[in-house]
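A look at the structure
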Amino acid sequence: MTENNLLLEIKNLKVAIENNMILNELNLKIQKGEIHAIMGPNGSGKSTFSKVVAGHPAYSILEGDILFKGNSIIELSPEERSHLGIFLAFQYPIEIPGVSNEDFLRLSYNAKQRFFSLPEVDPIEFLGIIMKKMELVKMSPQFLNRNVNEGFSGGEKKRNEILQMVLLDSDICILDETDSGLDIDALKIISNGINNFMTKDKGIILITHYQRLLDYINPTYVHVMQNGKIIKTGSAELAKELEEKGYQWLN
């Protein structure tokens, strides 16, 4: 393990919301080229972990640190974290009435361009960029003209999240139960998009309840979170064991 390859490091993280401790001495390291799956019972802190890394303001960090490429990010805004290369795909993507998907995606792309002092693209240039990305997640161009997630099925909303991830070309991507509510065809399409996006320089964190996602995306490590900390780490075989036995045997 070399420090140059270390993308994300969670160090002794303690997090609370409204005086309720949710993450308790959480430690995790994500190297370039690794896919980490985080599993665990409801209420174990998985979604909180994803929101805290992304910079959700509702949570208070009591102790510990979050390092991205060796630098602490706990004082940075969600926007700054996103521009630097951290992406969170939501478990329940929200609808944004009155905002077209094309405008939303183009403005997101240009915001990152501005952050790095790169030239922004006009709508025509952007179409050339986004059409190639849409092919990766098998989305029809007609979705660009629709309002963000409005009237989208569950699978379409999740696909739109993956489209955003691919467009922003983020370095560390946290996918919070991206597989929930998907039929088998949508699961395969989304898994294929994630696999095509993954490179030796990126890292992915999959938060999931189900082993079935890991039939299509092979994790480097599987972690079990309980009571706000990781209590067990293993290979993909651990997910199959959890599918058979549940979580009680770990206590």
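Let me sum up the structure you'll find in this document. (Residues numbered from 1 in each chain as written. Predicted model: local features only at pLDDT ≥ 70, side-chain atom pairs only at ≥ 80, totals over all residues. Heavy atoms only, no water.)

1. Digging into the overall build of the protein chain
Within the protein chain one finds 7 helices and 12 strands. Relative to the globule expectation of 18 Å for 251 residues, the C-alpha radius of gyration of the protein chain, 18 Å, shows essentially globular dimensions. In terms of overall dimensions, the protein chain has a C-alpha envelope of 55 × 40 × 40 Å along the principal axes. Across the 251 residues in the protein chain, those meeting the buried criterion constitute 50%. By sequence separation, contacts in the protein chain at least 24 residues apart represent 68% of the contacts at least 6 residues apart. Accessible area for the protein chain stands at about 12,000 Å²; split by element, carbon and sulfur atoms hold 48% of it. A distance of 3 Å separates the average location of the 26 positive side-chain charges in the protein chain from that of its 33 negative side-chain charges. (Helix = DSSP H or I, 4+ residues; strand = E, 2+ residues; numbered from the N terminus. Rg over C-alpha atoms; globule rule 2.2 N^0.38 Å. Buried < 20%, exposed > 50% of the residue type's maximum accessible area, 1.4 Å probe, protein only. Contact = heavy atoms within 4.5 Å. Areas by Shrake-Rupley, 256 points an atom, 1.4 Å probe, with all protein chains shown as cover. Lys, Arg positive; Asp, Glu negative; His and termini not counted. Charge placed at Lys NZ, Arg CZ, Asp CG, Glu CD.)

2. Topic: the pattern of salt bridges
Summed over the entire model, instances satisfying the criterion amount to 11 salt bridges. Taking the shortest distance from any N to any O, the salt bridge between Glu 95 and Lys 157 comes out at 3.5 Å. In this pair, Glu 95 is assigned in the loop between strand 6 (86–89) and strand 7 (96–100) and Lys 157 in helix 5 (residues 154–168), connecting sequence segments 62 residues apart. According to the relative accessible area criterion, Lys 157 is buried, its value standing at 17%. As a salt-bridge pair, Glu 237 and Lys 240 come within 3.6 Å of each other at their nearest N and O atoms. Of this pair, Glu 237 and Lys 240 both sit in helix 7 (residues 236–245), 3 residues apart, which is roughly one turn of the helix. One network of salt bridges, with partners in common, ties together Lys 14, Glu 25 and Glu 63. (Salt bridge = Lys/Arg side-chain N within 4 Å of Asp/Glu carboxyl O.)

3. Side note on the sheet that holds strand 5 (residues 71–72)
As summarised here, the arrangement of the 4 strands in space is 2-1-4-5, forming an open sheet in which the pairing is antiparallel. Looking at strand neighbours, the two that pair on one side only are strand 2 (20–31) and strand 5, the edges of this open sheet. Relative to strand 5, strand 4 (residues 60–68) runs antiparallel, the two being bridged by 2 bridges. When the bridges of strand 5 are listed, Phe 68 appears paired with Asn 71. (Pairing = 2+ DSSP bridges.)

4. Some thoughts on the sheet that holds strand 3 (residues 35–39)
Sheet architecture is open: 6 strands sit in the order 6-9-10-3-11-12, paired in mixed fashion. The open sheet has two edge strands with one neighbour each: strand 6 and strand 12 (229–234). Averaged over all adjacent pairs, the angle separating strand axes in this sheet is 20 degrees, with direction ignored. Looking at chain direction, strand 3 and strand 10 (residues 203–207) are connected through 4 bridges and run parallel. (Axes fitted to C-alpha atoms, helices over the stretch in contact; angles between N-to-C directions.)

5. A short note on the packing of helix 3 (residues 101–115) against helix 5
Their axes nearest at 10 Å, the elements helix 3 and helix 5 cross at an angle of 30 degrees. The angle between helix 3 and helix 5 places the two elements in the roughly parallel class. The handedness of the crossing between helix 3 and helix 5 comes out as right-handed. For the pair helix 3 and helix 5, contact is made by Asn 101, Phe 104, Leu 105, Ser 108, Tyr 109 and Lys 112 and by Asn 160, Leu 163, Gln 164, Leu 167 and Leu 168, respectively. Class assignment for the residues of the contact of helix 3 with helix 5 results in 6 nonpolar, 4 polar and 1 charged. (Parallel < 35°, antiparallel > 145°, perpendicular 65-115°, else oblique. Left-handed = near helix turned anticlockwise from the far one by under 90°. Nonpolar A, V, L, I, M, F, W, Y, C, P; charged D, E, K, R; others polar.)

6. Looking at helix 1 (residues 46–54)
Among the residues making up helix 1, those that are buried are Lys 46, Thr 48, Phe 49, Ser 50, Val 52 and Val 53. Phi for Gly 55, located one or two positions after helix 1, is positive at around 100 degrees.

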